[in-house]
Amino acid sequence: MDKHFINNPEELVVESLKSLTAVNHTLSVNEHEKIVYYHDYDKKKVTIISGGGAGHEPTHAAFVGKGMLTAAVSGSIFASPSSKQVYTGIEQVKSDAGTLVICKNYTGDILHFGMALERQKTTGKNIEMVAVADDVAVGREKGGKVGRRGLAGTVIVHKVSGAAAEAGAGLQTVAAIARHAIANLVSIGASLAHVHVPGREDTDNEDSVKHNELELGMGIHNEPGCRRISPIPKIDDLICDMLKQLLDQNDKDRAYVNIQKSDEVVLLVNNLGGLSVLEFGAIASKVKELLEANYGIKPVRILAGTLITSLNGLGFSITLLRATDRLNLEGKEWSLVDLLDAPTQATGWPYTEPAPLNSVNKLSDVEIKDNTDVIKSPVAMNKEAVRNAIINSMNTLIEQEPIITKYDTIAGDGDCGTTLKRGAEAVLEYVKSDKFTDDPILMARQIADVVENNMDGTSGALYAIFFHSFAKGVSEKVQELKKVDTEVWAAACRIALDTLYRYTPARVGDRTMCDALIPFVDEYAKSHDVHKAAKAAEEGTEKTKTMKAKLGRAVYVGDELTVPDPGAVGVASIIKGFAK
Ligand SMILES: Nc1ncnc2c1ncn2[C@@H]1O[C@H](COP(=O)(O)OP(=O)(O)O)[C@@H](O)[C@H]1O
Ligand SMILES: O=C(CO)COP(=O)(O)O
């Protein structure tokens, strides 16, 4: 997708950096050098500076803040900042205790950050540098002298380093902790498409990721990974493939960290920027489950979110940190998990209350027992007659699904027909099952439960309200009248409609399902004649053709509607089936 609101890459980077100072008052921004820094830092503690190309936000500037980075330097999109920028950044947060420089293992970063480091050292600065290399996609052979790329593990290194510095560790200790973390990190990504860099020509070409394929291990600058996979695999299979790349010690080309189920493992699932929160959440959940199911690994910490992106990359990455070892430095035992748990003011860090190691959820889900609150009916109904009537009604509705879908495609979002059909099929399954009962009160409640559990959207809600209230009405009327006949059904419908009125302002003339339902209930309550009532519903539906919609999605479509309201067609179909 090469559509952007802002196409000037330089403006993008600077404005994005400024946004961080807007949301975090402890930060300042040097716009000219594109440096975000924590201005209240303690000059007696080690400062941590990182940075790299833009286009990976929130990495790095959103990780600036007390307890994490002291400063971050941004280059242009997908390009390393200059050594002058880095030099300035180090100067901006110089400290008596020294500075740790963290960069990702990309040639530009290594060179520019390295040059700045060397220049700073000539001024007598106490300064160290580490390069994060956690990507396993490009194995040892292909990686050659360049080595592994830096991916989401970088953020973990930011956090443990920042926390150690905040705890007062000396520079050598902070650097050793950073190096230890780097040596215990493995990451891999998967992407459905390349990303377009704002301001650049459209990059679609014959090598672009095709619609039916994905790139396993794609880098965060559109670099190739280990292979293309087509057709796109099921997510469980893809995750298993990715976990194998991370954990398979038999793969000598990429077995970088030997992680066993006895280890303390931190899992980071990272959204590369373009996955919906919905889809990403599902993926993160599956990664956790498959890691445990296939490897017996239950992470002691799980981080999930958008931490390092590739612009709006349609993909995700998995990072594992082997956090078992404790480091004994400066007379203290340093735990990577404790350092990850330490608080920070950096807005990009997905802080959650640290759970005790291996804690389990203590609360069990409340379970609503089916219909234990339903009063037993004093009288039985003609079970077969009612079953057949319901079957006729549901079959009639199912037959109408295509036309309802056609109308809702014009007047709504096209899902009304399938919603109603799904509900009808579920009701049919119930009435044909041995659960179907001659107790009219229980039967009405079970129908309401089936409707509620199988229909969604507006229709699902309205039908569930109606049928639960209908069930309440049946209970009241059967106990009052000690009989089950059309008078009871009609009275229950009236009670149900009165309840529905409390949840929707829809009345006759608003072009909704109520244009069929209200005439039906009125006629049925008056005559107890389902045939007359079905006719009234049919007529009400027909009138919706010329109505101006006042509720539902149809209001967005405008006045040119000539089809009847799909919801009303659904109601009329249900009743028509009963009248057969
Ligand atoms: N506020 C409302 N009150 C009563 N009926 C409504 C209302 N809004 C929509 N409807 C009915 O719902 C039908 C659409 O159902 P459905 O597709 O489930 O809705 P959605 O797609 O909005 O979830 C409409 O044809 C109309 O009959
Ligand atoms: O985004 C980048 C790394 O942060 C780009 O690095 P290079 O300049 O080495 O390509």
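Residues numbered from 1 in each chain as written. Chains lettered and ligands numbered in written order. Predicted model: local features only at pLDDT ≥ 70, side-chain atom pairs only at ≥ 80, totals over all residues. Heavy atoms only, no water.

Chemist: I keep staring at the overall build of the protein chain and nothing clicks. Help me out?
Modeler: For the protein chain, the helix and strand inventory stands at 18 helices and 14 strands. Relative to a compact globule of 580 residues, whose C-alpha radius of gyration would be 25 Å, the protein chain shows 32 Å and is clearly more extended. Taken over the C-alpha atoms alone, the protein chain extends approximately 100 × 50 × 45 Å along its principal axes. Relative to its 580 residues, the protein chain shows a buried fraction of 54%. Within the protein chain, contacts between residues separated by at least 24 positions form 73% of all contacts whose residues are at least 6 apart in sequence. Entry remark: accessible area of the protein chain is about 26100 Å², with carbon and sulfur atoms responsible for 53%. For the protein chain, the distance from the average site of its 65 positive side-chain charges to the average site of its 77 negative ones is 2 Å. (Helix = DSSP H or I, 4+ residues; strand = E, 2+ residues; numbered from the N terminus. Rg over C-alpha atoms; globule rule 2.2 N^0.38 Å. Buried < 20%, exposed > 50% of the residue type's maximum accessible area, 1.4 Å probe, protein only. Contact = heavy atoms within 4.5 Å. Areas by Shrake-Rupley, 256 points an atom, 1.4 Å probe, with all protein chains shown as cover. Lys, Arg positive; Asp, Glu negative; His and termini not counted. Charge placed at Lys NZ, Arg CZ, Asp CG, Glu CD.)

Chemist: Is there a simple way to explain helix H6 (residues 171–183) in this structure?
Modeler: It helps to recall that an α-helix has 3.6 residues per turn; residues three or four apart then point in one direction. With 13 residues, H6 extends 18 Å from end C-alpha to end C-alpha; this agrees with the ideal 18 Å at 1.5 Å per step. Every buried residue of H6 is listed here: Leu171, Thr173, Val174, Ala175, Ile177, Ala178, His180, Ala181 and Ile182. (Expected span 1.5 Å × (residues − 1).)

Chemist: Explain the environment of Gln446 to me, please; I cannot follow it from the model alone.
Modeler: Structurally, Gln446 can be placed in helix H12 (residues 440–454). It is 9.6 Å that separates the C-alpha atoms of Gln446 and Val431, two residues lying 15 residues apart in sequence. Excluding its chain neighbours within four sequence positions, the residues that come into contact with Gln446 are Asn371, Tyr430, Lys435 and Thr437.

Chemist: What is the right way to look at the site of ligand 1 in this model?
Modeler: Residues in contact with ligand 1 amount to 18 residues; listed here are only the nearest, Asp415, Thr458, Thr504, Arg553 and Asp565. The separation between an oxygen atom of ligand 1 and a polar side-chain atom of Asp565 is 2.5 Å. Elements that contribute at least two residues to the shell around ligand 1 include exactly helix H13 (457–481) and helix H18 (566–578). The element that contributes the greatest number of residues to the shell around ligand 1 is H13, accounting for four residues. (Near = heavy atom within 4 Å. Polar contact = N/O pair within 3.5 Å; in protein donor to acceptor, adjacent residues only side chain to side chain.)

Chemist: Looking at this model, I keep getting lost on the packing of H12 against H13. Mind explaining?
Modeler: For any two helices packed against each other, one specifies the crossing angle of their axes together with the interaxial distance. Between H12 and H13, whose axes approach to 8 Å, the crossing angle comes to 175°. Comparing their axes, H13 and H12 come out roughly antiparallel. Contact with H12, carried on its side by Pro440, Ile441, Ala444, Arg445, Ile447, Ala448, Asp449, Val451 and Glu452, involves Tyr463, Ala464, Phe467, His468, Phe470, Ala471, Val474, Ser475, Val478 and Gln479 of H13 and no other residues of that element. Classifying every residue of the contact of H12 with H13 gives 13 nonpolar, three polar and three charged. (Axes fitted to C-alpha atoms, helices over the stretch in contact; angles between N-to-C directions. Parallel < 35°, antiparallel > 145°, perpendicular 65-115°, else oblique. Nonpolar A, V, L, I, M, F, W, Y, C, P; charged D, E, K, R; others polar.)

Chemist: Would you mind going over the pattern of salt bridges with me for this structure?
Modeler: If the charged atoms of two oppositely charged side chains come close together, the side chains can form a pair. Under the definition given, this model contains 36 salt bridges. Its salt-bridge partner being Lys84, residue Glu33 comes within 2.4 Å of it at the nearest N-O pair. Of this pair, Glu33 sits in the loop between strand S1 (27–30) and strand S2 (35–38) while Lys84 sits in helix H2 (residues 83–92); the two residues are 51 residues apart in sequence, bridging distant segments of the chain. Classification of Lys84 as partly exposed rests on a relative accessible area of 45%. Salt-bridge contacts for Glu542 lead to Lys545; the nearest nitrogen and oxygen are separated by 2.7 Å. Under the relative-accessibility criterion, Lys545 is labelled partly exposed at 31%. Shared partners join several salt bridges into a network, and the residues in it are Asp207, Glu213, Glu215 and Arg228. (Salt bridge = Lys/Arg side-chain N within 4 Å of Asp/Glu carboxyl O.)

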